[in-house]
Amino acid sequence: MGLLYTKLKIFHYQAKIDSLPQQSKDILPPVHIRIKPTNACGHNCWYCAYKADNLQLGKDMNKRDFIPKEKMAEILDDLVEMGVKAVTFSGGGDPLYYPYLLDAVKKLAQTPIKFASLTNGSRLQGEVAEIFAHRGTWLRISIDGWDDESYARYRNVKVGEFTKVMNNIESFKNLGGKCYLSISLIVDKENAGHVYEFIRRLKNMGVNSVKVSPCIVSNDGAVNNAYHQPIFDQVKESTRKAVADFSDGHFEIFDSYHALDDKFKKDYDWCPYLQILPVIGADLNIYPCQDKAYNLEDGLIGTIKNQRFKDFWFSDKNKFLKINPSVNCNHHCIANEKNKMVLEYLYADSEHLSFV
Ligand code: SF4
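A quick note: this is a predicted structure, and the numbers were derived from the prediction, not measured. (Residues numbered from 1 in each chain as written. Predicted model: local features only at pLDDT ≥ 70, side-chain atom pairs only at ≥ 80, totals over all residues. Heavy atoms only, no water.)

Visitor: Could you clarify how one ought to interpret the overall build of the chain in this entry?
Guide: Helix and strand counts for the chain come out as eleven helices and ten strands. Taken over the C-alpha trace, the chain has a radius of gyration of 20 Å; the compact-globule value for 356 residues is 21 Å, and the two agree within 12%. Projected onto its principal axes, the C-alpha coordinates of the chain cover approximately 55 × 45 × 40 Å. Across the 356 residues of the chain, 53% fall into the buried class. A total accessible area of about 16000 Å² is found for the chain, and carbon and sulfur atoms account for 51% of it. (Helix = DSSP H or I, 4+ residues; strand = E, 2+ residues; numbered from the N terminus. Rg over C-alpha atoms; globule rule 2.2 N^0.38 Å. Buried < 20%, exposed > 50% of the residue type's maximum accessible area, 1.4 Å probe, protein only. Areas by Shrake-Rupley, 256 points an atom, 1.4 Å probe, with all protein chains shown as cover.)

So, in structure tokens, the structure goes:
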């Protein structure tokens, strides 16, 4: 198994990187698109960024929005025609609550586009599980609680939901296929002492990877760091020990639990990644990334309510450059480090490139 979470994947798409600056004139298709098919979800996680009032992400989300069946088919037709490489279904809500997800992934399975989904795992059953197992590239299930009682507290769901999700995970692995099943372990003060043992359990269940991530509690990096400071060393040590004891050629542990400053501070004035991995919302608006979705004030780059996605994408390049991260994005940004790498690549002095 190669590296699943490396930040360097984009460097396999050099033409795309070279097309990004305004002066190149070219607009190439996104490499990867996140589609939020629905904003409905049966879980109610206390930290859910789409529901928390103090986080800019999701501030304008309408939980009743979903992409109509015919519009989804039109979007997927466009992505095939454009040459988009990958689609990830994500929230807003849980993609497996979208009534037309099965139609969408059946359609994608007939195309060269790779597909994946984020989910809480509670509906990972039946035909949709079958098609993901055999045709999907990966699925990632977010988990926080470590047993029925804690899971019910985190998500405001009935006791027993955790057991159902664990059973779904085991059943999914028993379906066979090549789909990588990953777990996103969201760490906060309550579950910090369970990280090592839970990773052991997940490995024994046959999952392919675990991503250890901090629970985000504020738009402010310093506030997040202060929240995690009392548990920081404990989580880092548990993760380090888990990597040493459990990771091998079939099981990757990705430590994404770190001081958050490097995901908040930005000193660049345009965002490369919004041309690489944009978001189509359930409201049919186009957002630059998963960290600004449903923020109409400074996260909207356009809409496909009255036009096709391909027509939107290949029109006027200026729309990609109107978001100034140093002004508009002083909050969590999953792409910050990737943006900095791409910008450093693009700003290398052409007269000196050969002096590698
Ligand atoms: S800098 Fe980050 S938060 Fe801002 S638009 Fe780009 S990816 Fe999104």
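Visitor: Would you mind showing me how to read the sheet that holds strand β3 (residues 114–119) here?
Guide: Backbone-to-backbone hydrogen bonds join strands into a sheet, with any given pair of strands oriented parallel or antiparallel. The ten strands are arranged β7-β6-β5-β4-β3-β2-β1-β8-β9-β10 in an open sheet whose pairing can be described as mixed. The open sheet is flanked by β7 (252–255) and β10 (302–303), the only strands paired with a single partner. Across four bridges, the pairing between strand β1 (residues 32–35) and strand β2 (residues 86–89) is parallel. Along β2, the bridge assignment pairs His32 with Ala86. Sitting on the sheet, helix α3 (residues 101–109) is in contact with β2 and β3, with an inclination near 165° to β2. Against the sheet, helix α4 (residues 126–135) contacts β3 and β4 (138–143), and its axis sits at roughly 130° relative to β3. (Pairing = 2+ DSSP bridges. Contact = heavy atoms within 4.5 Å. Axes fitted to C-alpha atoms, helices over the stretch in contact; angles between N-to-C directions.)

Visitor: I'm lost on the packing of aromatic side chains in this one. Help?
Guide: One pair of aromatic rings is described through two measures. These are the centre distance and the angle between the planes. In the structure shown here, the tally under the stated rule is 15 aromatic pairs. By way of ring pairs, the aromatic residues Phe309, Phe312, Trp313 and Phe320 are connected into one cluster. (Phe/Tyr/Trp six-rings, centres within 6.5 Å; stacked < 30°, edge-to-face > 60°.)

Visitor: It is not clear to me how the side chain of Asp291 should be interpreted in this structure. Could you clarify?
Guide: The residue Asp291 is located in the loop between β9 (285–287) and β10 in this model. One buried charge, Asp291, has no salt-bridge partner; the nearest side chain with opposite charge is Lys266, at 7.7 Å. A distance of 2.9 Å separates a polar atom in the side chain of Asp291 from a polar atom in the side chain of His332. Among the polar contacts made by the side chain of Asp291, one reaches the main-chain amide nitrogen of Ile334 at a distance of 2.7 Å. (Lys, Arg positive; Asp, Glu negative; His and termini not counted. Salt bridge = Lys/Arg side-chain N within 4 Å of Asp/Glu carboxyl O. Polar contact = N/O pair within 3.5 Å; in protein donor to acceptor, adjacent residues only side chain to side chain.)

Visitor: Would you mind going over the nonpolar core with me for this structure?
Guide: Soluble globular proteins: nonpolar side chains tend toward being buried together. By size, the foremost hydrophobic cluster in this structure holds 103 residues, and its most contacted members are Ile35, Leu79, Ile169, Ile199 and Phe309. Ignoring sequence-local partners within four residues, the contact set of Phe309 consists of Pro30, Ile33, Asp78, Leu79, Met82, Ile280, Ile286 and Ile304. (Core = buried A, V, L, I, M, F, W, Y, C linked by side-chain atoms within 4.5 Å.)

Visitor: Explain the environment of Ser182 here, please?
Guide: Here Ser182 is to be found in strand β5 (residues 180–187). Residue classification places Ser182 among the buried residues on the basis of a relative accessible area of 3%. Distance in space between the C-alpha atoms of Ser182 and Asn330 is 29 Å, their sequence separation being 148 residues. Ignoring anything within four residues of it in the chain, the contact list for Ser182 reads Tyr5, Leu139, Arg140, Ile141 and Ser209. A distance of 2.6 Å separates a polar atom in the side chain of Ser182 from a polar atom in the side chain of Ser209.

Visitor: Teacher, can you tell me more about the pattern of salt bridges here?
Guide: Side chains that carry opposite charge are capable of pairing whenever their charged atoms lie near each other. Taken as a whole, this structure holds 18 salt bridges when the rule is applied. The salt bridge involving Glu337 is made with Lys7; its shortest N-O contact spans 4.0 Å. Highlighted residues: Glu337 in helix α11 (residues 336–346) and Lys7 in the segment before α1 (14–19), separated in sequence by 330 residues. For the salt bridge of Lys158 with Glu161, the shortest nitrogen-to-oxygen distance reads 3.6 Å. Classification of Glu161 by relative accessible area gives buried; the value is 7%.

Visitor: Is there a simple way to think about the environment of Leu175 in this case?
Guide: Looking at where Leu175 falls in the secondary structure, it is placed in the loop between α6 (161–174) and β5. Under the relative-accessibility criterion, Leu175 is labelled partly exposed at 26%. Beyond its immediate chain neighbours, meaning those up to four positions away, Leu175 contacts Ala129, Glu130, Ala133 and His134.

Visitor: I tried to follow the environment of Gln23 on my own but got confused; where do I start?
Guide: One can find Gln23 in the loop between α1 and β1. Since its relative accessible area comes to 64%, Gln23 is described here as exposed. Taking the C-alpha atoms as reference points, Gln23 and Leu101, 78 residues apart in sequence, are found 39 Å from one another.

Visitor: How should the pairing of β2 be read in this particular structure?
Guide: On a regular strand, one side chain projects to one face of the sheet and the next to the other, so that they alternate. The β-α-β motif built from β1, the intervening helix α2 (residues 69–82) and the parallel element β2 has right-handed crossover chirality. Of the strand pairs in this sheet, β2 and β3 are connected by four bridges, and their pairing is parallel. Bridge assignment links Ala86 to a residue of β3, and that residue is Lys114. Read from β2 through α3 to β3, the crossover connection turns out right-handed. (Right-handed = clockwise from strand over helix to strand, strands pointing away.)

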